[in-house]
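A look at the structure
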Amino acid sequence: MQNLIKTVTFSVVLALVSGCSYVGVYKRDLAQGNLITQDMVSQLETGMTKEQVRYVMGSPLLKGPFNEDRWDYVFYLDEAYDDVEEKRVTLTFQNGRLADIDRHGSIEDDVDLTPQSGPGPAVEGSGPGEGAAAMGPSYGPEE
């Protein structure tokens with residue numbers, strides 16, 4: 001009977017300790033899409049060509065499927081322990097020139113994408129072997 005009580009108690013404790021919701025899980029911020037900054041958007045002017053816009057903003061995340069004159073730049077930041085931040089810039093072209101700039105979200109606020117310090121996954125270049133050098137031979141140019 002004592003073995004049964006010990007076994008049941010051990011099983012219950014093991015189940016509680018191994019549950020993901022009971023023990024803290026490491027989360028990190030997840031950024032997706034085109035990085036949109038106030039500096040980039042402030043350089044846009046109506047009348048710019050598509051090449052000039054691509055130079056400033058980069059390639060659009062979405063192009064209109066039925067209209068090549070609409071480009072969408074979308075940025076999502078899913079903060080690990082906070083809300084989701086969304087920024088969107090929709091550019092409309094007429095005759096190959098930028099005609100309209102439509103902004104959504106807090107574009108004035110720059111996004112901090114610096115890695116957080118503290119416990120979490122190991123970053124390449126840190127640790128006992130100092131990253132990629134310990135992983136094996138490098139086939140690129142020597143430094």
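**Side note on the confidence of the model for the chain**
- Of all residues in the chain, 67% have pLDDT values of 70 or greater, and the mean over the chain is 74.
- By mean pLDDT, the top-scoring element of the chain is helix H3 (residues 50–57) (90), and the lowest-scoring one is helix H4 (residues 132–135) (47).

**Quick look at the environment of Gln43**
- Relative to the helices and strands, Gln43 resides in the loop between helix H2 (38–42) and H3.
- Each C-alpha atom of the pair Gln43 and Met57 lies 9.1 Å from the other, and the pair is 14 residues apart in sequence.
- With sequence-adjacent residues up to four places away left out, Gln43 is seen in contact with Met48 and Val56.

**Section: the nonpolar core**
- If you look at the biggest cluster of nonpolar residues, it comprises 17 residues, and the most contacted ones within it are Leu44, Val53, Met57, Tyr73, Val89, Leu91 and Leu98.
- Put simply, the parts of the chain that give this core at least two residues each are H2, H3, strand E3 (70–78), strand E4 (84–94) and strand E5 (97–104).
- Looking at which element gives the most residues to this core, the answer is E3, with four residues.
- In contact with Leu91, other than residues within four places in its own chain, are Leu44, Val53, Asp69, Arg70, Trp71, Tyr73, Leu98, Asp100 and Ile101.

**A word on a nonpolar patch on the surface**
- Together, Met1, Leu4, Ile5, Val8, Val12 and Leu16 make up an exposed nonpolar region whose accessible area comes to about 630 Å².
- In this structure, Ile5 sits in helix H1 (residues 2–18).

**Notes on the pattern of salt bridges**
- For the structure on display, the rule yields three salt bridges.
- Across the pair Asp72 and Arg70 runs a salt bridge, and its minimum N-O distance is 3.1 Å.
- For Arg88, the salt bridge identified is with Asp72, shortest N-O distance 3.9 Å. Linking Arg88 in strand E4 with Asp72 in strand E3, this pair joins segments that are 16 residues apart in sequence.

Criteria and cut-off values
Residues numbered from 1 in each chain as written. Predicted model: local features only at pLDDT ≥ 70, side-chain atom pairs only at ≥ 80, totals over all residues. Heavy atoms only, no water. pLDDT = per-residue confidence, 0-100. Helix = DSSP H or I, 4+ residues; strand = E, 2+ residues; numbered from the N terminus. Contact = heavy atoms within 4.5 Å. Core = buried A, V, L, I, M, F, W, Y, C linked by side-chain atoms within 4.5 Å. Buried < 20%, exposed > 50% of the residue type's maximum accessible area, 1.4 Å probe, protein only. Patch = residues over 30% accessible without salt bridge, like charges linked within 9 Å, V, L, I, M, F, W, Y side chains within 5 Å. Areas by Shrake-Rupley, 256 points an atom, 1.4 Å probe, with all protein chains shown as cover. Salt bridge = Lys/Arg side-chain N within 4 Å of Asp/Glu carboxyl O.

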